[in-house]
Structures are given as C-alpha cells and as structure tokens.
Amino acid sequence: MSEEKKAPQNFGTALTKVNDTFMPMIIAQLEKNSIQMSPYAKECVLHAISAINTVLDKAGLNWKSAELDKSTVSDILVKIACFQLNAAASPREVYFQLRNVKTANKDERGKDIWKKQVEMGIEGDGNDAILARFGRGVERVCQIWKVREGDTFVYPKYKGLDMTPPEWEPSGTGKLSKIVYPVIMSGHDGKSYVEFY
C-alpha cells in the first residue's frame, strides 16, 4: 500500500520540477516581448506540459532521456501560451506527438544520430479558438463543413468582387478531404458578410 502511495507522489514531483523549469522561462520570453501571460494562458501551458509528459510516458521516455531533443519544447510552450490552446479541452484543441529527427551530429562510427522531437498539431476546435480570439472583424465562426471524398462539393466562384458561395452536399462516405469554415465577418459599412476558408 505504501509503495502505491509513493508512485503518484514521485510522478507529481517530477512533473512539478518540469513545470518549475519551463514556466518561468515562458513567462520571461513573453515579458521580453511586452506580453503579459494571463492566468488562462498559464493553465494552458500546464496542461500542455502534462499532455507532453503523457506522450513521453507512452514512448517509454521521460524529460531527462538522452534520446529526447528538448530544443523545440520551449518554442511549443510559447505558442501554446500565445494562442491559448488547451490540451485538456474536450474536444481537443491541440495534440502532441514524437517524431524521429536526424541531428547534425554523427556517432563515433560516422553514423547519423537520431533523436525524438516533440511536435505540436492544432486540431479543429483549436483552429476555432484561435479564429474566435484573434480574427479581426469576426462576428461568428459557423458550424464547420466536414467534406468527404464521396460528397458533392463546388468551390466558390468569383466575378470581380462578387462571390458565388461554395456548395456542399454531404454523402457521408469516403475519407475526410477538406474542412470548410464559414465565417460571418463585420463589414466596414456595418453589414455582415460570409467568408469561406
């Protein structure tokens, strides 16, 4: 029983040390650019560190592993803080994965040295969150269109400044081929209009 209680405490302590290493570094980098980190941005960074830790655990690695290239982690965490992407949101806004990357170094036999590098990807709700927070003139992001290979999809047509909107008829079959974001924008004349991304 006492061994079971010690394991989570060790895990918490190790993750706390990682948080204590990265959080001041991220805050300092943002402050250098005159950006104050909001409490929500700090929460997003903590969730990101936890999610990255889960990815490392699944790969049999930890933050101190020699085969882990840590060079991209602080850059990823700065992006997380700036975009305020939450790895703990449901559905997810951001995900992390490991990629094998060849380094510029060679081993003593002259062979390439490969390392594991953390990579970040933004998912559907993350794109919506970024657009809602930072999109200029955005009134509302409408329900996305998940266009599949078997669907009928007609691209928009342009004649000068006039646009004929795209058309979509879902079939429900085939692989996902594109995501269309209908976005209601505020016009300079006070009238709303729709853009499709």
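Small disclaimer: the values here were computed from a predicted structure and weren't measured.

Peer 1: Talk me through the overall build of the protein chain; I want residue IDs and the actual numbers.
Peer 2: Of regular secondary structure, the protein chain possesses four helices and twelve strands. Radius of gyration (C-alpha) of the protein chain: 22 Å, far over the 16 Å computed for a compact globule of 197 residues. Structurally, the protein chain occupies a C-alpha span of about 65 × 45 × 40 Å along its principal axes. The buried share of the protein chain, reckoned over its 197 residues, is 28%.

Peer 1: An account of the sheet that holds strand β2 (residues 94-106) is needed here, citing residue identities and associated values.
Peer 2: Read across the open sheet, the three strands follow the order β1-β3-β2; overall the sheet is mixed. The sheet is open, and its two borders are formed by β1 (68-69) and β2, each paired with just one other strand. Examined bridge by bridge, β2 and strand β3 (residues 112-122) share ten bridges and lie antiparallel to one another. Across the sheet, the residue bridging to Asn 100 is Lys 116, located in β3. Each of β2 and β3 touches helix α3 (residues 73-83); the most contacted strand, β3, lies at about 5° to it.

Peer 1: Could you give an account of helix α4 (residues 124-134), with specific residues and numbers?
Peer 2: Among the residues of α4, those classed as buried are Gly 126, Ala 129 and Ile 130. Along the axis of α4, the buried residues cluster in a sector spanning 95°; they form a single face.

Peer 1: I'd like a rundown of the packing of aromatic side chains, residues and numbers included.
Peer 2: Within the structure shown, the criterion is met by four aromatic pairs. Seen in terms of ring centroids, Phe 22 and Trp 63 are 5.7 Å apart; in terms of plane orientation they differ by 55°. Their pairing is tilted. In this pair, Phe 22 sits in helix α1 (residues 2-32) while Trp 63 sits in the loop between α2 (39-58) and β1, placing the two residues 41 residues apart along the sequence. Of the two residues examined, Phe 22 and Trp 63, each falls in the buried class. Centroid distance Trp 145 to Trp 168: 5.5 Å. Interplanar angle 20°. Geometry classified as stacked. Residue Trp 145 is found in strand β5 (residues 145-148), and its partner Trp 168 is found in strand β9 (residues 167-169); the two are separated by 23 residues along the sequence. By relative accessible area, which is 17% here, Trp 145 ends up buried. Residue classification places Trp 168 among the partly exposed positions, given a relative accessible area of 27%. An aromatic cluster is built from Trp 145, Trp 168 and Phe 196, whose rings are joined through pairwise contacts.

Rules of the game
- Residues numbered from 1 in each chain as written.
- Predicted model: local features only at pLDDT ≥ 70, side-chain atom pairs only at ≥ 80, totals over all residues.
- Heavy atoms only, no water.
- Helix = DSSP H or I, 4+ residues; strand = E, 2+ residues; numbered from the N terminus.
- Rg over C-alpha atoms; globule rule 2.2 N^0.38 Å.
- Buried < 20%, exposed > 50% of the residue type's maximum accessible area, 1.4 Å probe, protein only.
- Pairing = 2+ DSSP bridges.
- Contact = heavy atoms within 4.5 Å.
- Axes fitted to C-alpha atoms, helices over the stretch in contact; angles between N-to-C directions.
- Arc of directions from axis to C-beta.
- Phe/Tyr/Trp six-rings, centres within 6.5 Å; stacked < 30°, edge-to-face > 60°.

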